[in-house]
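Now for the letters of each chain:
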Amino acid sequence: AGKRGQPTTPGSKRVIDRYKVRTSIAFPRAMPALLILLLHVQPVIALISGTHLRDWIACISLYLLAAFGLGVGLHRYFAHRSFQTSRTFQFVLCLLAGVAFGDPVWFAGKHRLHHKHSDTTLDVHSPNQGFWFCWFASIFNEGYTDEEILARARDLTQYPELMWIHRFYFLVPI
């Protein structure tokens, strides 16, 4: 038998080591987690330092835009292709998802792998792996290479603007 993450026999499906962070992608995948943490710390700082009505309006507006970008954009449109839209609105959905550090190409590929291998050892965020891995650890290491993720989102890789966001996902919210 081979090591976890390696085929046990030629042509067999590989088993993913969920807890091994690959150093080649550790920093780029850890960056959104750090930025998301900072995004959640800002309201606490605002509450301590004092807020105004305009702060609450901005917070609620950004929350609603990001929720729409994540739910409708990343999940329903990019991952599942549940509806059709223009290329312009596709990019708008991409930017709205980007407010919350969403990368449509990476998310769609990863989510499609999740559906392909649901609740097996190859599932990229199975609840069988526990709450922490299901929701957070898979951001650091989903167990697949970028090439495997891009292969599942091949339909999205044809758009240069989406691939630019894929490479520089951390710039949109800034």
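Refer to the structure presented above.
Residues numbered from 1 in each chain as written. Predicted model: local features only at pLDDT ≥ 70, side-chain atom pairs only at ≥ 80, totals over all residues. Heavy atoms only, no water.

A. Fine view of the pattern of salt bridges. All told, the structure shown has 3 salt bridges when counted by the stated rule. Among the ionic pairs, Asp 155 bridges to Arg 81, the shortest N-O distance being 3.1 Å. With a gap of 74 residues between them, Asp 155 in the loop between helix 6 (146-152) and helix 7 (160-167) and Arg 81 in the loop between helix 2 (53-79) and helix 3 (87-98) connect regions that are remote in the sequence. Since its relative accessible area comes to 29%, Arg 81 is described here as partly exposed. A relative accessible area of 27% places Asp 155 in the partly exposed class. Residues joined by salt bridges that share partners form a network here, namely Arg 81, Arg 112 and Asp 155. (Salt bridge = Lys/Arg side-chain N within 4 Å of Asp/Glu carboxyl O. Helix = DSSP H or I, 4+ residues; strand = E, 2+ residues; numbered from the N terminus. Buried < 20%, exposed > 50% of the residue type's maximum accessible area, 1.4 Å probe, protein only.)

B. Quick look at helix 4 (residues 104-116). Compared with the 18 Å implied by 1.5 Å per residue over 13 residues, the 18 Å span of helix 4 between its first and last C-alpha is a close match. Judged by how many residues are buried, helix 4 sits mostly within the fold: 10 of 13 residues are covered. Listing the buried residues of helix 4 in full gives Pro 104, Val 105, Trp 106, Ala 108, Gly 109, Lys 110, His 111, Arg 112, Leu 113 and His 114. If you check the start of helix 4, you find a side-chain oxygen 3.1 Å away from the backbone N of Val 105, and it comes from Asp 103. (Expected span 1.5 Å × (residues − 1). Polar contact = N/O pair within 3.5 Å; in protein donor to acceptor, adjacent residues only side chain to side chain.)

C. Here's a closer look at the packing of helix 2 against helix 3. Here helix 2 crosses helix 3 at 125 degrees, and the two axes come no closer than 7 Å. Regarding the angle of helix 2 to helix 3, the classification is oblique. The crossing of helix 2 and helix 3 is left-handed. Residues Leu 65, Ala 66, Phe 68, Gly 69, Leu 70, Val 72, Gly 73, Leu 74, Tyr 77 and Phe 78 of helix 2 form the contact with helix 3, whose own contacting residues are Phe 89, Gln 90, Leu 93, Cys 94, Leu 96 and Ala 97. Of the residues belonging to the contact of helix 2 with helix 3, the class tally is 13 nonpolar, 3 polar and no charged. (Axes fitted to C-alpha atoms, helices over the stretch in contact; angles between N-to-C directions. Parallel < 35°, antiparallel > 145°, perpendicular 65-115°, else oblique. Left-handed = near helix turned anticlockwise from the far one by under 90°. Contact = heavy atoms within 4.5 Å. Nonpolar A, V, L, I, M, F, W, Y, C, P; charged D, E, K, R; others polar.)

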